[in-house]
Amino acid sequence: MSLRAMLGGLGVAIVGACSLTPDVGPRLAGSCDNTDSRPDTPVSFRAQIRPLVGRSMGGCGCHLPTSGSPGTGTQLSGLDLSSFDAVRDGGMISGDRIVVAGDPCASVLYQKLTDAPPFGSRMPLNGPPFFNADELRLVHDWIAEGANDN
């Protein structure tokens, strides 16, 4: 039985913008470059990335835990982005890592925020981009720097 069917059987509504099927695909090619755009300016997960993710998740709620504290609940999407550990662990459906430290072009988290991911749909699904170009560059550079919990 699919997770969607199980949740539906429990009376849990599936939000249209959330997908329970993980997207996996090829490495982002072409315009993607793994080079840190500002190597002398480190990006902090706690001070810069976590607030961006927290702000953007409020628009859909697909990647927020429905119960429990950050990193311990379940999400309609199967992907918890509420904490560093949850981001590091990846999706509960696929078990795939969404961040490849040092390689934003191979990181699903970065790919799905770009205008044209190499597979599936840009996130948020059917919505306007959550991150502007500068914020997207922060995510890129954080991953390029090793995706540290700093």
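By convention here, each chain's residues receive numbers from 1 onward along its written sequence. Where totals are concerned, whole chains, interfaces and linings use all residues; where local detail is concerned, this predicted model gives features only for residues with pLDDT of at least 70, and gives and counts side-chain atom pairs only at 80 or more. Side-chain measures here rest on the full set of heavy atoms in the structure, leaving out hydrogens and waters.

Asker: Explain the state of the cysteines to me, and be specific about the residues and the numbers.
Answerer: Pairs of cysteine sulfur atoms within 2.5 Å are identified as disulfides in what follows. Enumeration over the complete set of coordinates arrives at one disulfide. Between the sulfur atoms of Cys32 and its disulfide mate Cys105 the distance is 1.9 Å. Around the S-S axis, the bridge from Cys32 to Cys105 shows a dihedral of about -95° and counts as left-handed. Within this pair, whereas Cys32 is found in the loop between helix H1 (3–9) and helix H2 (45–57), its partner Cys105 is found in the loop between helix H3 (84–89) and helix H4 (108–111), the two being separated by 73 residues in sequence. Under the relative-accessibility criterion, Cys105 is labelled buried at 2%. Starting at the N terminus, helices and strands are each numbered in turn, a helix being any DSSP run of H or I of at least four residues and a strand any DSSP run of E of at least two. Burial status follows relative accessibility: with a 1.4 Å probe on protein chains alone, a residue under 20% of its type maximum counts as buried, one over 50% as exposed, and anything between as partly exposed.

Asker: Can you explain the confidence of the model for the chain? Please cite residues and give values.
Answerer: Summarising the model, the chain shows a mean pLDDT of 72, and 60% of its residues fall at 70 or more. Note: pLDDT gives the predictor's confidence per residue, expressed from 0 to 100. Taking the mean pLDDT of every element in the chain, the minimum, 40, falls on H1 and the maximum, 95, on helix H5 (residues 133–144). In what follows, a contact means two residues having at least one pair of non-hydrogen atoms within 4.5 Å. This model gives residues 1–22 a pLDDT under 50, and the stretch forms 27 contacts once residues within four places in sequence are excluded.

Asker: Account for the layout of surface pockets, naming residues and giving values.
Answerer: If a probe as big as a water molecule is rolled over the atoms, it shows which places are left empty. Site definitions follow a grid-based scheme: protein atoms alone, a 1 Å grid, a 1.4 Å probe that fits but cannot get out for cavities, and for pockets an open set with protein on both sides within 12 Å along at least five of seven lines, plus lining residues having an atom within 4 Å of a point. Grid points are joined across faces, edges and corners, and a volume is the space filled by probe spheres set on the points. Quantified by volume, the largest pocket comes out at close to 310 Å³. The element contributing the most residues to the lining of the largest pocket is H5, with four residues. Partitioning the lining of the largest pocket into residue classes produces nine nonpolar, five polar and three charged. Residue polarity follows a fixed list, in which Ala, Val, Leu, Ile, Met, Phe, Trp, Tyr, Cys and Pro are nonpolar, Asp, Glu, Lys and Arg are charged, and the others, Gly among them, are polar.

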